[in-house]
Amino acid sequence: MIDISHKRSSLRYAKASGRLFAEAPILEMIKDKKIPKGDVGQMARSAGIQAAKRTSDWIVFCHSLPLDWVDIFMEFEPEAVRFTAEVRTVWKTGVEMEAMTAVSAALLNAYDMLKPLQTDISLGDIRLVEKRGGKSDMTDEFDQPVRVALLTIDTEKKSGRRTDRAAEVIRNFLVKQPVEIVTEEKLNEEAKEAERHIIRLTDQEQAELIFLCGSTGPTANDITPGLIRNLSDREVPGIGEAMRQYGLQRTPHAMISGQTAGIRNRSLMIAIPGSARGAEESLHALFPGILHIFNILRRS
């Protein structure tokens with residue numbers, strides 16, 4: 001199975017359909033509910049719903065996931081009956097296979113009910129009609145990459161007494177994003193020095209996204225959250241909340257982190273933890289959803 005533990009839950013939807021081809025008299029019997037084994041539409045609907053909920057039992061790499069809604073609809077065509085399945089959930093991965101499984105099970109159940117009446121019934125045209133949700137729905141396009149500045153605020157890392165693994169994690173993560181790191185610096189945990197660098201980046205160099213990595217803890221020496229609050233024209237509280245929520249699903253220590261975000265001169269400043277794990281988790285919480293803000297800021 002693919003590891004999806006880093007993904008965030010979002011609303012997922014899929015629709016699939018398939019057709020059962022039969023002679024006209026058989027189709028009329030289905031429509032009039034005169035099939036000896038019972039109501040084909042209702043039995044196929046029940047079978048499809050049951051199968052959708054058990055998709056991971058027989059699709060090897062399919063994750064087990066909670067389904068919030070499944071339904072099967074039946075429509076008559078001149079030479080066939082079409083079954084359509086719709087599935088919806090709020091989860092980390094899509095529900096395409098659940099929709100396809102639901103349709104397949106509905107068709108097979110209908111076939112079983114009809115085979116005593118016609119031996120050459122066929123099934124086909126099983127396809128995914130629509131899918132929504134997840135990363136594909138949150139991808140913004142840019143004519144120019146987002147200009148990123150990475151500031152590590154950690155006196156020991158600047159002096160070389162500590163290895164800056166968090167910066168390496170950030171660089172590796174951003175390679176797959178529509179961004180460009182235009183500057184990278186290490187700063188002491190000294191507020192005035194850091195303020196000068198941030199003001200230069202926002203007011204002169206016009207960096208669009210500034211990561212302030214480190215010094216986000218609860219002690220008096222942890223200056224990053226205060227820097228952002230002091231320099232921001234306006235705060236964006238939802239960004240910090242999103243990172244903490246994501247972190248709390250993985251460790252209770254996330255409640256201690258001062259993850260904060262604010263905007264100054266159309267530059268977004270974000271405080272993220274200085275640990276490699278904390279930085280990586282914060283980035284997973286932010287991307288790709290955070291990219292939408294830059295299209296908004298560029299139009300302002």
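The structure presented is a predicted model; accordingly, all values stated were derived computationally and were not measured.

Draft legend 1. Region of the structure containing unusual backbone geometry. Cis geometry is found at the peptide bond from phenylalanine 287 to proline 288, where omega equals 0°. The phi torsion at aspartate 125 lies on the positive side, around 55°, for a residue other than glycine. With respect to the helices and strands, the residue aspartate 125 is situated in strand S4 (residues 122-132).

Draft legend 2. Structural context of the layout of surface pockets. Here the second largest pocket is characterised by a volume of approximately 410 Å³. Around the second largest pocket, the lining comprises 24 residues; the ones closest to its centre are Thr216, Ser257, Pro273, Ser275 and Gly278. Elements supplying a minimum of two residues to the lining of the second largest pocket: helix H8 (237-248) and helix H9 (276-286). Broken down by element, the residue count for the lining of the second largest pocket peaks at four residues, all from H9. When grouped by side-chain class, the residues that make up the lining of the second largest pocket number five nonpolar, 13 polar and six charged.

Draft legend 3. Summary view of empty space enclosed by the protein. Tallying each qualifying case throughout the model produces one cavity of 30 Å³ or more. Space inside the largest cavity adds up to approximately 30 Å³. Every residue along the wall of the largest cavity is listed here: Arg12, Tyr13, Gly94, Val95, Glu96, Lys131, Arg132 and Gly133. For the lining of the largest cavity, the secondary structure elements donating two or more residues are strand S1 (10-21) and S4. Considering only residue class, the lining of the largest cavity consists of two nonpolar, two polar and four charged.

Rules used in this analysis
Residues numbered from 1 in each chain as written. Predicted model: local features only at pLDDT ≥ 70, side-chain atom pairs only at ≥ 80, totals over all residues. Heavy atoms only, no water. Helix = DSSP H or I, 4+ residues; strand = E, 2+ residues; numbered from the N terminus. 1 Å grid on protein atoms, 1.4 Å probe; cavity = no way out; pocket = protein on both sides within 12 Å on 5 of 7 lines; lining within 4 Å. Points joined across faces, edges and corners; volume = space filled by probe spheres on them. Nonpolar A, V, L, I, M, F, W, Y, C, P; charged D, E, K, R; others polar.

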